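Results of the structural survey
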Amino acid sequence: MKIDEVTAGVECVRRAGPDVEVAGVEYDSRSVGAGSLFVAMRGGSVDGNRYVADAVREDATAIVTDSAAAFDEVVQAYPQIAAIEVRHGRKALAQLAANFFHHPEQKLALSGVTGTNGKTTTAFLLEGLLNQAQRKTVLVGTIECHVAGKVKPSPHTTPESRDLLELFDEGVRAGVTEAVMEVSSHALDQGRVHGLPFDVAIFTNLTRDHLDYHGTMEHYFHAKLALFDGTLGQPPRVAVVNIDDEHGARFALRAREAGAEIFSYGIETGEFRAEEIRMRTNGMSFRLEAPHGAAEITSRLTGRVNVHNLLAALAAALARGLTLEQVAASSASLPCVPGRFQTVDAGQPFTVVVDYAHTDDALRNLIALAREFVQSSGGRVLTLFGCGGDRDKTKRPLMGRAAGEGSDFVVLTSDNPRSEEPEAILRDVLPGLEATHCEFIAEPDRARAIALAVGAATAGDIVLLAGKGHEKTQTLRTGTIPFDDVSVAMTVLRERRKQG
Ligand SMILES: CC(=O)N[C@H]1[C@@H](OP(=O)(O)OP(=O)(O)OC[C@H]2O[C@@H](n3ccc(=O)[nH]c3=O)[C@H](O)[C@@H]2O)O[C@H](CO)[C@@H](O)[C@@H]1O[C@H](C)C(=O)N[C@@H](C)C(=O)N[C@H](CCC(=O)O)C(=O)O
Ligand SMILES: Nc1ncnc2c1ncn2[C@@H]1O[C@H](COP(=O)(O)OP(=O)(O)OP(=O)(O)O)[C@@H](O)[C@H]1O
Ligand SMILES: N[C@H](CCC[C@H](N)C(=O)O)C(=O)O
Ligand SMILES: [Mg+2]
């Protein structure tokens, strides 16, 4: 593709160099090959402009940079290279990639889910509803990506625009007509989804997380708002908003002002409501009250948070043109999401649950649900959890408090310590946990901690293994090792059985 075609619509500060052919668009020098256009941009940890020489060595034909100095250097040192200076690297990258992949984002109906918790679950549910209606989809999110049923690994909740557009392009070529994606606050803030024309935008909830990145809840709120208020280029056609959340009304107001139609949902308020909820450990049902009728909904998912997630997915599916009859008929067969309230059963007389709760709000909801379930058996709630390293430290004591307040016994352990000292993370949790006077033990080794939690359980109890959900690895200072809560728990349960 000619450089002029790739750069069409990109706001350039300066341009120089020849009229080159572009064979690929890359934002990482390590992916550059012959004919690539390399977008060199300043990041939070390194300056991509440092890698311009590497890109040239790999036979890049064009450099787009967010640095005036780097632009001058390319013009002087590499006259054979097309040089373009832009103000915002990631916004330019999004436009360049959209041009390069022939605008697949305009050939798909895009639904985006944002919020602190529930994005993965809601996205899976919506994808399932669309698939049941014979619509081919792309799914993008934390666990994995799907392109017309083909499963692909997911390095991020929301990939860089270039990778996203490549997935969309693959989808379009496979006959996909809809894309459902999780949109993280990091992605919104950085411009990874800049220019994407969302048809439906979903807000699940806003509670404390990621303050290491956003600084304050107000900044975090504004990052998420960008999906609704036209900041990305245009507002969504429909905004599906959780009106039970304390921030819901603000999202709805700003989306409406921007021109979106609002589909509000909530358990008791909102246009899409759940009435007569009946909850079981292995499923639930309720009557969906919608603006144009009502329908009986049955699901394999359980818990109040999943009533919200289902309402969001149902409202979004209706916004995408499915009928009430279609969504009601499909909901019962939608599978549970891996690592979200996933039970581990080796025939033991108590329940073991693996869940991805990694915020204080999610932990509190999870424990409250477990409490409901043990009420009839008279059992206890035993909670194992940790906090991720190199992430929001302010949530650590709050998670400690949430765990201690609701549980009968807590096992405090490591999540993904990343570059941090595991014991230091545990120390940050203690003030909140100790304030609750709940009995607890601290064991930084997660496998050993799981054995302790399961070992402490007796008939009728619920053991919650929180924080890592579907994850198959644990990241420590020494590297990333294979680790899976479900299989560790299964091994422990089987051994416990053998020992009688
Ligand atoms: C805080 C954050 O979002 N960081 C992401 C971001 O980093 P950054 O902007 O600081 O970039 P950088 O690493 O400084 O590099 C700058 C530029 O130099 C380039 N580079 C770098 C090295 C090199 O040798 N050559 C080269 O060209 C990089 O590709 C990049 O273009 O862009 C990088 C390139 O895509 C990501 O790898 C990195 O993810 C880090 C590892 C990360 O942990 N991100 C997490 C926090 C994240 O994004 N999470 C969210 C949401 C989680 C949720 O769902 O709650 C997500 O969407 O996944
Ligand atoms: N609607 C909800 N409200 C509050 N908590 C929820 C909700 N849905 C799920 N949770 C809790 O949050 C955990 C993570 O859920 P999910 O993976 O769907 O969220 P997410 O927003 O995709 O998270 P992440 O940002 O880490 O990708 C679940 O295991 C559950 O404990
Ligand atoms: N998307 C979240 C996932 C956290 C999962 C938890 N296991 C952890 O490592 O903190 C994050 O990157 O902050
Ligand atoms: Mg997710």
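Residues numbered from 1 in each chain as written. Chains lettered and ligands numbered in written order. Predicted model: local features only at pLDDT ≥ 70, side-chain atom pairs only at ≥ 80, totals over all residues.

Per an unreviewed UniProt entry, the chain is named UDP-N-acetylmuramoyl-L-alanyl-D-glutamate--2,6-diaminopimelate ligase, and its organism is Acidipila rosea. For the chain, the Catalytic activity (unreviewed entry) comment in UniProt is given as "UDP-N-acetyl-alpha-D-muramoyl-L-alanyl-D-glutamate + meso-2,6-diaminopimelate + ATP = UDP-N-acetyl-alpha-D-muramoyl-L-alanyl-gamma-D-glutamyl-meso-2,6-diaminopimelate + ADP + phosphate + H(+)". Check the Function (unreviewed entry) section of the UniProt entry for the chain; it says "Catalyzes the addition of meso-diaminopimelic acid to the nucleotide precursor UDP-N-acetylmuramoyl-L-alanyl-D-glutamate (UMAG) in the biosynthesis of bacterial cell-wall peptidoglycan." (UniProt positions renumbered as here; feature names shortened; annotations may be inferred.)

Our focus in this paragraph is the overall build of the chain. Helices and strands together make up the secondary structure of the chain, namely 17 helices and 24 strands. Its C-alpha atoms give the chain a radius of gyration of 24 Å, near enough to 23 Å, the size a compact globule of 500 residues would have. Oriented by its inertia axes, the alpha-carbon framework of the chain measures out at about 75 × 55 × 40 Å. Relative to its full complement of 500 residues, the chain shows a buried share of 52%. For the chain, long-range pairs separated by at least 24 residues make up 68% of all intrachain contacts whose partners lie at least 6 apart in sequence. (Helix = DSSP H or I, 4+ residues; strand = E, 2+ residues; numbered from the N terminus. Rg over C-alpha atoms; globule rule 2.2 N^0.38 Å. Buried ≥ 20, exposed ≤ 12 C-beta atoms within 10 Å, placed from the backbone. Contact = placed C-beta atoms within 7 Å.)

Residues annotated by UniProt as "binding site: meso-2,6-diaminopimelate" (unreviewed entry) correspond here to Arg391, Asp415, Asn416, Pro417, Arg418, Gly467 and Glu471. Note on placement: Asn416 falls in the loop between strand 20 (409-412) and helix 15 (422-434). The residues contacting Asn416, other than those within four sequence positions of it, are Gly388, Gly389, Gln474 and Thr475. Here Pro417 is in contact with Gly389, Pro422, Ile425, Leu476 and Arg477, once residues within four sequence places are set aside.

Before going further, it helps to examine the site of ligand 1. The environment of ligand 1 is made up of 20 residues, and the closest members are Gly43, Gly44, Gly48, Thr157 and Ser184. A per-class count over the shell around ligand 1 returns 6 nonpolar, 11 polar and 3 charged. Formed jointly, the shell around ligand 1 draws a minimum of three residues from each of two domains, domain 1 (3-99) and domain 2 (103-331). (Near = placed C-beta within 6 Å. Nonpolar A, V, L, I, M, F, W, Y, C, P; charged D, E, K, R; others polar. Domains from an automatic or database assignment.)

With that settled, the discussion passes to the domain arrangement of the chain. Domain annotation of the chain identifies domain 1 (3-99), domain 2 (103-331) and domain 3 (342-498). Spacing between the C-alpha centres of domain 1 and domain 3 amounts to 46 Å.

We now examine the pairing of strand 14 (residues 272-280). Pairing between strand 13 (residues 261-266) and strand 14: 2 bridges, direction parallel. Residue pairing across strands places Gly266 opposite Arg273, the latter belonging to strand 14. In this structure, strand 14 lies alongside strand 15 (residues 283-290), joined through 6 bridges in antiparallel fashion. When the bridges of strand 15 are listed, Met279 appears paired with Met284. (Pairing = 2+ DSSP bridges.)

The next subject is the sheet that holds strand 17 (residues 342-343). The strands making up a sheet are joined through hydrogen bonds of the backbone, oriented either antiparallel or parallel. Pairing within the open sheet is mixed, and its 6 strands lie in the order 17-18-22-19-20-21. Edge positions in the sheet fall to strand 17 and strand 21 (440-442), since each has one partner strand and no second. Two elements, strand 17 and strand 18 (residues 351-355), share 2 bridges in a ladder whose sense is antiparallel. Bridged to Gln342 within strand 18 is Val354. The strands touched by helix 15 are strand 20 and strand 21; relative to strand 20, the strand with the most contacts, the crossing angle is about 160°. Lying on the sheet, helix 17 (residues 485-498) is in contact with strand 17, strand 18 and strand 22 (462-466); it crosses strand 18 at an angle near 160°. (Axes fitted to C-alpha atoms, helices over the stretch in contact; angles between N-to-C directions.)

Helix length check: helix 6 (residues 161-173) (13 residues) gives 18 Å between terminal C-alpha atoms against 18 Å at 1.5 Å per residue, within 8%. Those residues of helix 6 that sit buried are Ser161, Arg162, Leu164, Leu165, Leu167, Phe168, Asp169, Gly171 and Val172. In this structure, the buried side of helix 6 is in contact with strand 2 (24-26), helix 4 (89-100), strand 7 (137-140), strand 8 (144-147) and strand 10 (178-182). Note on helix 6: the residue one or two positions beyond its end, Gly175, has a positive phi of about 85°. (Expected span 1.5 Å × (residues − 1).)

As a further point, take the site of ligand 3. Every residue close to ligand 3 is listed here: Thr157, His358, Gly388, Arg391, Asp415, Asn416, Gly467, Lys468 and Glu471. Class assignment of the residues belonging to the shell around ligand 3 gives a composition of no nonpolar, 5 polar and 4 charged.

Between the first and last C-alpha of helix 17 there are 20 Å, a value that for 14 residues agrees with the 20 Å anticipated at 1.5 Å per step. Among all positions in helix 17, only Asp485, Val488, Ala489, Val492 and Leu493 are buried. Taken around the axis of helix 17, the buried residues stretch over an arc of 130°, which confines them to a single face. Opposite its buried face, helix 17 presents the exposed residues Arg497 and Lys498, each directed more than 90 degrees away. Each element contacted by the buried residues of helix 17 is listed here: strand 18, helix 16 (446-455) and strand 22. Downstream of helix 17 by one or two residues, Gly500 has phi in the positive range, about 75°. (Arc of directions from axis to C-beta.)

The next subject is the pairing of strand 18. Most of strand 18 is tucked away, with 5 of its 5 residues classed as buried. Side chains Thr351, Val353 and Asp355 project from strand 18 onto one buried face, and the interleaved Val352 and Val354 project onto a second face that is buried too. Pairing geometry for strand 18 and strand 22, over 5 bridges, is parallel. Bridge assignment links Val354 to a residue of strand 22, and that residue is Leu465.

Turning our eyes to something else, we now look at the nonpolar core. In terms of nonpolar packing, the biggest core is built from 107 residues, with Val39, Ile63, Leu96, Val240, Leu314, Ala315 and Ala316 touching the most fellow members. Sort the elements by how many residues they give to this core and helix 11 (residues 304-319) lands first, with 11 residues. Per-domain counts for this core show at least three residues from each of domain 1 (3-99) and domain 2 (103-331). Core analysis: the next-biggest nonpolar cluster, separate from the first, contains 45 residues, Val354, Leu398, Ala466 and Val488 among them. (Core = buried A, V, L, I, M, F, W, Y, C linked by C-beta atoms within 7 Å.)

Turning next to the sheet that holds strand 4 (residues 62-65). Sheet architecture is open: 5 strands sit in the order 1-5-4-3-2, paired in mixed fashion. Each edge of the sheet is formed by a strand with only one pairing partner; in this case those strands are strand 1 (12-16) and strand 2. Pairs of neighbouring strands in the sheet enclose a mean axial angle of 15°, with direction left out of account. Strands in contact with helix 3 (residues 68-77) are strand 1, strand 3 (36-40), strand 4 and strand 5 (82-86); relative to strand 5, the strand with the most contacts, it is inclined by about 170°.

A separate point is unusual backbone geometry. Positive phi is not limited to glycine here, since His103 has a value of about 50°. Along the chain, His103 falls in the loop between helix 4 and strand 6 (109-114). Positive phi, close to 50°, is recorded for Arg418, a residue that is not glycine. Positionally, Arg418 belongs in the loop between strand 20 and helix 15.

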